[in-house]
Structures are given as C-alpha cells and as structure tokens.
Amino acid sequence: MNNKHVEVLPDKTALIERARERVLSEIRTAIERSDRATIALAGGGTPKPLYEALAKEALPWDKIHIFWGDERYVPPDHPDSNQRMAREAWLDRVPLPPENIHPMPTGAANPAVDARTYEQELQAFFELESGTFPKFDLILLGIGDDAHTASLFPGTEALQVRDRLVTVGNKDGQARLTFTVPSIDAARCILFLVSGAGKQEALDRIFAPEANPFVYPARFVQPREGQLWWLLDDAAGRNLGVG
Ligand SMILES: O=C(O)[C@H](O)[C@@H](O)[C@H](O)[C@H](O)COP(=O)(O)O
C-alpha cells in the first residue's frame, strides 16, 4: 500500500506535535478543496494533549465540523464520555459554532436506536445515497492493548457489520457506539496515534504479515483510496522495525 505512512517519534511530546502538524495539514487541505473540514475524533487518553494543542490554534472554526468515531454509551457529562473529554480539552475552548459539533447520541436508552440516529445524521450531512459511506476528511483513531480501534473490540459482532455506517460495539458487556469498518475505510485520511510500551504487543500483531483481524481488529483498517497514517512514540513502536 503506497498510501500507508508510519512514523516513530522519540517520545509522546514529539508524537503529539507531529500529530498536530498532520491534523492542521489535513484541515487546510480539506478547506482548500471543499471549504470545510470534517473530522471524527477518537476517545481514550492518548489524543487529549493533541486536542489541548489544537485549542490554541487560530483556525476558521466555522468551516470545521467535529464528529466522533466512537462513544461510550453514557450521558455526555459522564466522566467516561469521549464527547466530554473533547469538549473540555478542545471544543469548549474555541469559537466552534455549536451546530458544527455532532456528538454521538446516547440518550435513547437503546444503543441500536442511537446508532441508527447517528447514521441518519451522517447520511443527511454528507448527502449520502443508500449503501454509501461518508468520506471524512480525517478520522483520528487509537488502539487498545488488545488491538481494538474505535469501539471495534476483538471477537465482537461489530467487526462483521458492513452494511451500516454506525453500529453497537461491546466492551466486556458495556455498550458502545462505533463507526463500522467501511465507515472508517472510506475516509480521505486516517490517523492512528499510539503511545506507550503497553501497545507494543498489539502493534506487533497489527503490523505482522499474517494475523486474524477478528482477534486484532485494527488490522481491518485498510483504506483503498485514503491515506493511512500511523504515528507512534518510541515506547510503542521501537520494536516494529518501521518508520
Ligand atoms: O473510546 C475509546 O476509548 C477510544 O476510541 C478507543 O478506541 C481508544 O482509542 C483506545 O482504547 C486507546 O485508548 P488510550 O488512548 O486511552 O490508550
């Protein structure tokens, strides 16, 4: 794949700085191309300093639309909410029009209903024909120690869903909402951020010539057209022999 880029940065600070550069570049390219930038955020802890750095940028916020690639099935003010983390670290600190922030809904007391609602919101926003997938300008992703990405966890049904944009993920019985594999793969640019020695084993399996993607789900992310970036810090990527 000539659309795959892997960089190993000396430490987490350098990783976040490189990620900031890449995100700003994708935003600029998107706005030059279509006068808007559509970004789907990752949750978890790794991207938080990136979001804090982006909050310091002077950008045409009215042209930037924020989505999420996955969400814990909790209220938006819950400590585990990916929406809450991104708002506190970034979105509440910049003059983004409220209508440009598109959180995954979690209020229906039924994850499948909320997944469908978000799917319909994406179909409307991107003016999609039935059976097509949104071309996000940028999707940010992380991986877990188990090689999950978004809320696509090993051995779960969500890994097999190919006819939906959004589906219900499952982490140890806890419901999540998540982009499906085809939704991720349709993006113009996918940017994985991976930090820490705890991710070494997962990366080894994800980058191995052969391994079962149902066991190591991040292997499913194989965009045919879009750019795939892996930004790793040395602690995570030192044994890969790449980048
Ligand atoms: O909702 C989430 O938790 C994320 O979307 C998830 O996929 C995350 O990216 C990984 O679990 C890595 O999390 P850390 O960055 O905290 O290691």
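Just so we're clear, the structure is a prediction, and the values are computed from it rather than from any experiment. (Residues numbered from 1 in each chain as written. Predicted model: local features only at pLDDT ≥ 70, side-chain atom pairs only at ≥ 80, totals over all residues. Heavy atoms only, no water.)

**Student:** Describe the overall build of the chain, with residues and values.
**Tutor:** Within the chain one finds seven helices and nine strands. In terms of overall size, the chain behaves like a compact globule, its C-alpha atoms giving a radius of gyration of 17 Å where 243 residues would be expected to give roughly 18 Å. Expressed as lengths along the three principal axes of its C-alpha atoms, the size of the chain is roughly 45 × 40 × 35 Å. A burial count over the chain gives 54% of its 243 residues as buried. Looking at the chain alone, contacts between residues at least 24 apart form 76% of all its contacts between residues at least 6 apart. Only carbon and sulfur atoms are counted for the fraction: they give 47% of the accessible area of the chain, which is about 10,700 Å². Side chains of the chain give 27 positive and 35 negative charges; the mean places of these two sets differ by 2 Å. (Helix = DSSP H or I, 4+ residues; strand = E, 2+ residues; numbered from the N terminus. Rg over C-alpha atoms; globule rule 2.2 N^0.38 Å. Buried < 20%, exposed > 50% of the residue type's maximum accessible area, 1.4 Å probe, protein only. Contact = heavy atoms within 4.5 Å. Areas by Shrake-Rupley, 256 points an atom, 1.4 Å probe, with all protein chains shown as cover. Lys, Arg positive; Asp, Glu negative; His and termini not counted. Charge placed at Lys NZ, Arg CZ, Asp CG, Glu CD.)

**Student:** An account of the pattern of salt bridges is needed here, citing residue identities and associated values.
**Tutor:** Any two side chains of opposite charge can pair if their charged atoms end up close together. Scanning all chains against the criterion turns up 16 salt bridges. In this structure, Glu-21 and Arg-18 form a salt bridge, with 3.1 Å as the shortest nitrogen-oxygen distance. A residue pair is termed a helical-turn pair when its members lie 3 or 4 positions apart in one helix, as Glu-21 and Arg-18 do in helix α1 (residues 12-34) at three residues. One salt bridge in this structure joins Arg-116 and Glu-119, with 2.2 Å as the shortest N-O distance. Highlighted residues: Arg-116 and Glu-119, both in helix α4 (residues 111-125), separated by three residues, approximately one helical turn. Taking the relative accessible area as the measure of exposure, Arg-116 reaches 30% and is therefore partly exposed. (Salt bridge = Lys/Arg side-chain N within 4 Å of Asp/Glu carboxyl O.)

**Student:** Just give me the short version of the nonpolar core, but keep the residues and values in it.
**Tutor:** Counting 78 residues, the largest nonpolar core has Tyr-51, Ile-64, Trp-90, Phe-179, Phe-192 and Trp-230 as its most contacted members. Top element by residues in this core is α1. It accounts for eight residues. Other than its neighbours up to four places away in sequence, Trp-90 contacts Leu-41, Tyr-51, Leu-54, Ala-55, Trp-61 and Ile-66. (Core = buried A, V, L, I, M, F, W, Y, C linked by side-chain atoms within 4.5 Å.)

**Student:** With reference to specific residues and values, describe the sheet that holds strand β7 (residues 174-179).
**Tutor:** Here we have three strands laid out as an open sheet, ordered β4-β7-β6, and antiparallel in their pairing. Every other strand in the sheet has two partners, leaving β4 (70-72) and β6 (166-171) as the edge strands with one partner each. With strand direction ignored, the average angle separating the axes of adjacent strands in the sheet is 25°. In terms of strand pairing, β6 meets β7 through six bridges, oriented antiparallel. Looking across to β7, one finds that Val-168 is bridged to Leu-177. Sheet contacts for α4: β6 and β7; angle to β6, the most-contacted strand, approximately 140°. (Pairing = 2+ DSSP bridges. Axes fitted to C-alpha atoms, helices over the stretch in contact; angles between N-to-C directions.)

**Student:** Please provide a residue-by-residue account of the packing of aromatic side chains, values included.
**Tutor:** We describe a pair of aromatic rings using the distance from one ring centre to the other and the angle between the two ring planes. Counting across every chain of the model gives eleven aromatic pairs. Judged by centre distance (5.8 Å) and plane angle (40°), the ring pair of Phe-67 and Phe-126 falls under tilted. Highlighted residues: Phe-67 in strand β3 (residues 64-68) and Phe-126 in the loop between α4 and β5 (138-141), separated in sequence by 59 residues. Note on accessibility: Phe-67 and Phe-126 belong to one class, buried. Both rings, one in Phe-136 and one in Phe-179, keep their centres 5.3 Å apart while their planes meet at 35°; by these two values the pair is tilted. One end of the pair, Phe-136, is in the loop between α4 and β5; the other, Phe-179, is in strand β7, with 43 residues separating them in the sequence. A single burial state applies to Phe-136 and to Phe-179, both of which are buried. (Phe/Tyr/Trp six-rings, centres within 6.5 Å; stacked < 30°, edge-to-face > 60°.)

**Student:** Describe α1, listing the residues and the values that go with them.
**Tutor:** With 23 residues, α1 should cover 33 Å at 1.5 Å per step; its first-to-last C-alpha distance of 32 Å lies within 8% of that length. Of the positions making up α1, those classed as buried are Leu-15, Ile-16, Arg-18, Ala-19, Arg-20, Arg-22, Val-23, Leu-24, Glu-26, Ile-27, Ala-30 and Ile-31. With a side-chain oxygen positioned 3.2 Å from the backbone nitrogen of Thr-13, the residue opening α1 is Asp-11. In the segment just after α1, Asp-35 is the residue with positive phi, at about 65°. (Expected span 1.5 Å × (residues − 1). Polar contact = N/O pair within 3.5 Å; in protein donor to acceptor, adjacent residues only side chain to side chain.)

**Student:** Describe the UniProt feature "domain: Glucosamine/galactosamine-6-phosphate isomerase" (unreviewed entry) in the chain, listing the residues and the values that go with them.
**Tutor:** In the numbering used here, UniProt assigns the feature "domain: Glucosamine/galactosamine-6-phosphate isomerase" (unreviewed entry) to residues 10-230. From the first C-alpha to the last, residues 10-230 spans 14 Å; its make-up is 30% helix and 18% strand. (UniProt positions renumbered as here; feature names shortened; annotations may be inferred.)

**Student:** Now, about the side chain of Asn-3: what can you tell me, with residues and values included?
**Tutor:** Tracing the chain through its elements places Asn-3 in the segment before β1 (4-9). Note on Asn-3: relative accessible area 5%, which makes it buried. Within the structure, the side chain of Asn-3 is placed 3.0 Å from the backbone oxygen of Pro-223, a separation counted as a polar contact. There is a polar contact of 2.6 Å between the side chain of Asn-3 and the backbone oxygen of Gly-226. Setting aside residues up to four positions removed in sequence, Asn-3 forms contacts with Pro-223, Arg-224, Glu-225, Gly-226, Gln-227 and Leu-228.

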